[in-house]
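# Breakdown of the fold
Chain by chain, the residues:
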Amino acid sequence: MTPRRIGALSTITLLLSACLATAAQAAAPLTVTDFESDTLPPGVVAWGNDGASTPTLSIETDTSRVLKTVYDVSQWGGWSHDLPAGQDWTPYEGFAFSVKGTGSGQKIFFEIKDGGGGPGSSELFESSFTDTEAGWRRVEVKFADFVRRGDYQPGGAPTDGQLDLETMWGYSMRLPSASSGTLLWDDVQVYGTAPPRPVRLTTTAPVYPVKEKGSAQVGVAVSAVPPADLTVHYKTGSGTATAGSDYTPAEGTLTFPAGTPAGTVKTFTVTTKGDSDAEVAETIPIVLSGEGVTPPADDAVVVIDAHGLPYLDARRPVKQRVADLMARMTPAEKIGQMTQAERGALAKQDDIATYLLGSLLSGGGSAPATNTPKGWADMVDGYQLRAQQTRLQIPLIYGVDAVHGHNNVIGATIFPHNVGLGATRDPALVERTGKITAREVKATGIPWNFAPCLCVSRDDRWGRAYESFSEDPALVSRMASIVDGLQKNGVLATAKHYVADGGTAFGSSTTGDYTIDQGVFTGSRAELEAVHLAPFVEAVRRGVGTVMPSFSSVGETKMHAHKELITDVLKGRLGFKGFVISDWQAIDQIPGDYPSDVRTSINAGLDMIMVPYAYVSFVDTLTAEVAAGQVAQSRIDDAVSRILTQKFELGLFERPYADRSGLPDVGSAEHRQVARAAAAESQVLLKNDGGLLPLPSSAKVYVAGSNADDLGNQAGGWTISWQGSSGPITEGTTILQGIRGRAASVTHSADASAPLAGHDVGVVVVGETPYAEGFGDVGRQGRTLELSAADRAAVDKVCGALRCVVLVVSGRPLSLGDLSGVEAVVASWLPGTEGAGVSDPLFGAVPYTGRLPFSWFRTAEQLPLNVGDAAYDPLFPYGWGLRTDPARPRLKAVRDQLAKGDGTSKAAAAALSVALASRNWTADGSVRDARVVLTSLGVAATLLERSRSDTFAQDDAVVSVARDVAQAAGRRPDLQAAADHELAAGNLRKAVDLLIQSTR
């Protein structure tokens, strides 16, 4: 035997010994958690749909230390162990734990967390056991027996449906619903020796669309290094295309030598043929096989694109294209168009084609594993590609809650929430925020935004109050300008939540421990029409493409079942031409069984159902309801034609994929500058004793409070995740960083523990932490409208020692308590990622111009409190806001603008010239002769109501001077509030008259 052969055998022997040693080592169980310390291991947490359903966890002594869970679960609850770093479980065969049960006979599910960026964004695979024994038992489940959880996947989770085991982030135990008890847990382990793992094959794309006479280059890759030479057989399978006439069959082998790096791609070609016929799309499946390999989870497919059909002709009118496509569709294709699934719920991505889905969405926080703008574009384009393998190639319409910018995307521009935008009183600016949001959303491949919320929030205790522009329907209607900003820039808008979700009665909610969200509107029909319907009338006038009903009820009827308000009023009287999309799993709240939920909602006028998880059940149920005559075919056709009309008008058939040229603009400096301006305009100066504000840049500033240096808190809910979270969750500038950019000297001490001496002024930034929807309802788990004890202590300490300003960062008015020792107070709302916008007016770079969109209560006992109430005694009235820009230059600027308008505007300018006469003003710019100035403003207001060339900004500037006089007089806050309502409604003369009356 030659030395080379001996050396080769020695190497093989060494490798074999190493493998055997590794196998022997892997056979010993790896303990993930043993609960042997006196306290809960880090990462072990309980959770539930409410406080009562969240189990109590403790370490107890049985035969040894174990985890004790005491539970009383109403809907869902359980516990998780989230690992600080991912573990490799590939050497092991399965997952095991010990549990001391009660013999209840209940099934208990558990899941393991595979891959992704962490335990909160991993793919979930589940199994279960039945509690059949009153004592300790060992549960062991092979990894091969776990299945991907089909009802829920977290945002950002992988969607490949493969249990890789390479990076495992922990596990969860889901306790049975509608039950209570006590269970003990111990020794969570992975055990056994993993069986040989075949090399998984992937293709460079799941779908290869080609034109007739074109060819597809199919790429095949290996996911791991093959231990020996690997031969992959490929061939074209049997699809809807005809071999020989539509394409040339392909068959052969690809060889990956031993040691080939993972991800190496080898290709083969499939060539298509042509004829003169107009045809729907035809498929050519690709079949891959080989010894020691696992084929892709979904077979790749070459698709010969549909061609020559009228609905594909962009030159034809949309109505004609819809009619042609509808005539070609099967019942299954129509019902698929009415189905919207959550992306994380897809059992496999090929279900898009299997169930002919018309839409996908990302719920709050449901993001790709790589949460970047490019990661989003890649994800959405991947889903869109799957729709191209259907015979009619109807593109998906992907939806997302971009409620204050593209807020699920790390690095995107985040604007103030609607409450802050309402404070700007600037519809043109709000339209610009919609434009920028649309550009960032569209760049990531998404053509549909579940915004704006046109709710009129009438109770500050509502957890969604910050999603409302105002308590005043006139102002909310003004801010519907955001619809134009979105839709004129290629993104479908959604007016929500239809109707009266902001008017439900406190204590009427029956969802978990919510107190007002998803409750019941109990007001009169006149109130419903005048207050809550009015903004939707404006949205329909502007051509909004979709409307989303509310979870709430009007009287005894859930809005998702309210045929009179959806079909008769919205689609009938208001003439809405778009389609109605349900809210998240909302039809499940309609009384009755699931078939009843489906037929009731569709017959009420809903066109597309946000399932979001049970898409298979929905498709099967609606199909059966139509077959049984419970849902008329005409109702299905109406719904589908509405959906297709919007898809055609968006240009999705011609441009289904992301326009990646816009990706560099996502979160760009230009876009952030608009967000900064919006934050600055949203600031409302409530109090300014002694003219403390604006601060000089030379001031030595002491900054305290919980919200001074917290990007997540100032952005609020619906930011990166559904509920939002504190801390540096995305890119942006905190309020403290903004102050540092303006002031010469800054000391920061969140709890005000640093010495106060040597500073000129204190800035205390207080307020709320993030929440969304009913999780923010006052009364839920003790949530109140009070400042935290820490914030209150910081205010007392700083403002007791220094002249100070308090910035209130919140989604609604809060209880401020005694303000006697505070010189200045600013409502900063939730300003988004651009905290420098808060510091800009603070230091006089721009003036304070914002006004309250909500009445600021004295005590929470006054709630609900709204403009127009018979008993109206707020701390600060609706529309209140001190300005720091002089009135006379403001009036002169608008006079000069109006002088360039039509004849009526010019006459109004002449009236303003009378008001501007120098004899009417003092040297410091205040009004000397209020009677002359106010009379002239009244004349100008009368003329502007007749003008056709004026703008709301000009009208607002004229009325603002009368407001300055009224606020300085400090009388009749009810009249001042009423005046601001009349201004928003366009009644300028009435607004000025009310302000004049309030000065007497």
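Residues numbered from 1 in each chain as written. Predicted model: local features only at pLDDT ≥ 70, side-chain atom pairs only at ≥ 80, totals over all residues. Heavy atoms only, no water.

### Section: the packing of helix H7 (residues 427–443) against helix H15 (residues 669–682)
To be explicit about the condition: Fitted lines through C-alpha atoms serve as axes, helices being fitted only where they are in contact, and the angles separating the N-to-C directions of these axes extend from 0 to 180 degrees. Here a helix means four or more residues in a row that DSSP labels H or I, a strand means two or more in a row labelled E, and each is numbered from the N terminus. Handedness of a crossing is defined here by the sense of rotation of the near helix relative to the far one, left-handed for an anticlockwise turn of less than a right angle and right-handed for a clockwise turn. Whether two residues touch is decided by their heavy atoms; if any such pair falls within 4.5 Å, the residues are in contact. Side-chain classes are defined by residue name, with Ala, Val, Leu, Ile, Met, Phe, Trp, Tyr, Cys and Pro counting as nonpolar, Asp, Glu, Lys and Arg as charged, and the others, Gly among them, as polar.
Closest axis-to-axis distance for the H7/H15 pair is 10 Å, and the angle between their directions is 145 degrees. Our pair here, H7 against H15, has a crossing hand that is left-handed. On H15, the residues touching Leu429, Arg432, Ile436, Arg439 and Glu440 of H7 are His671, Val674, Ala678 and Glu681. Residue classes in the contact of H7 with H15 are distributed as four nonpolar, one polar and four charged.

### So, the sheet that holds strand E2 (residues 44–48)
Spelled out, the test is: Any two strands are treated as partners once DSSP identifies two or more bridges connecting them.
If you trace the six strands from one edge of the open sheet to the other, you get E2-E5-E11-E7-E8-E10, paired in antiparallel fashion. At either end of the open sheet lies a strand with only one pairing partner, and these are E2 and strand E10 (147–148). Note that strand E7 (residues 107–114) and strand E8 (residues 123–130) share eight bridges and pair antiparallel. Looking at E8, one finds that Asp114 is bridged to Glu123.

### Digging into the state of the cysteines
Put simply, the test is: We call a pair of cysteine sulfur atoms a disulfide when they lie within 2.5 Å. A simple rule labels every residue: compare its accessible area, found with a 1.4 Å probe on the protein chains alone, to the largest value its type can have, and call it buried under 20%, exposed over 50%, or partly exposed in between.
Per the counting criterion, the structure on display carries two disulfides. Covalent S-S linkage joins Cys453 and Cys455, the inter-sulfur distance amounting to 2.5 Å. Residues Cys453 and Cys455 are joined by a disulfide whose S-S torsion is about 125 degrees; by sign, that bridge is right-handed. Both residues of the pair, Cys453 and Cys455, count as buried. Residue Cys799 pairs covalently with Cys804 via a disulfide, S to S 1.9 Å. Taking the torsion about the S-S bond as the criterion, the Cys799 to Cys804 disulfide, at about 100 degrees, is right-handed. By relative accessible area, which is 0% here, Cys804 ends up buried. When the cysteines of the protein chain that form disulfides are numbered from the N-terminus onward, they connect as 1-2, 3-4.

### Some details on the confidence of the model for the protein chain
The following threshold applies: Confidence per residue, as judged by the predictor, is encoded in pLDDT with a range of 0 to 100.
Across the protein chain, pLDDT averages 94, with 97% of residues at or above 70. The lowest-confidence element of the protein chain is helix H1 (residues 3–27), averaging 38 in pLDDT; the highest-confidence one is strand E32 (residues 579–580), averaging 99.

### Here's the deal with the pairing of strand E22 (residues 301–304)
Looking along a regular strand, one sees side chains alternate from face to face of the sheet. With burial as the criterion, each face of E22 is covered, one bearing Val301 and Val303 and the other bearing Val302 and Ile304. Of the pairings in the sheet, the one linking strand E20 (residues 282–289) to E22 comprises four bridges and is antiparallel in character. Across the sheet, the residue bridging to Ile284 is Val302, located in E22.

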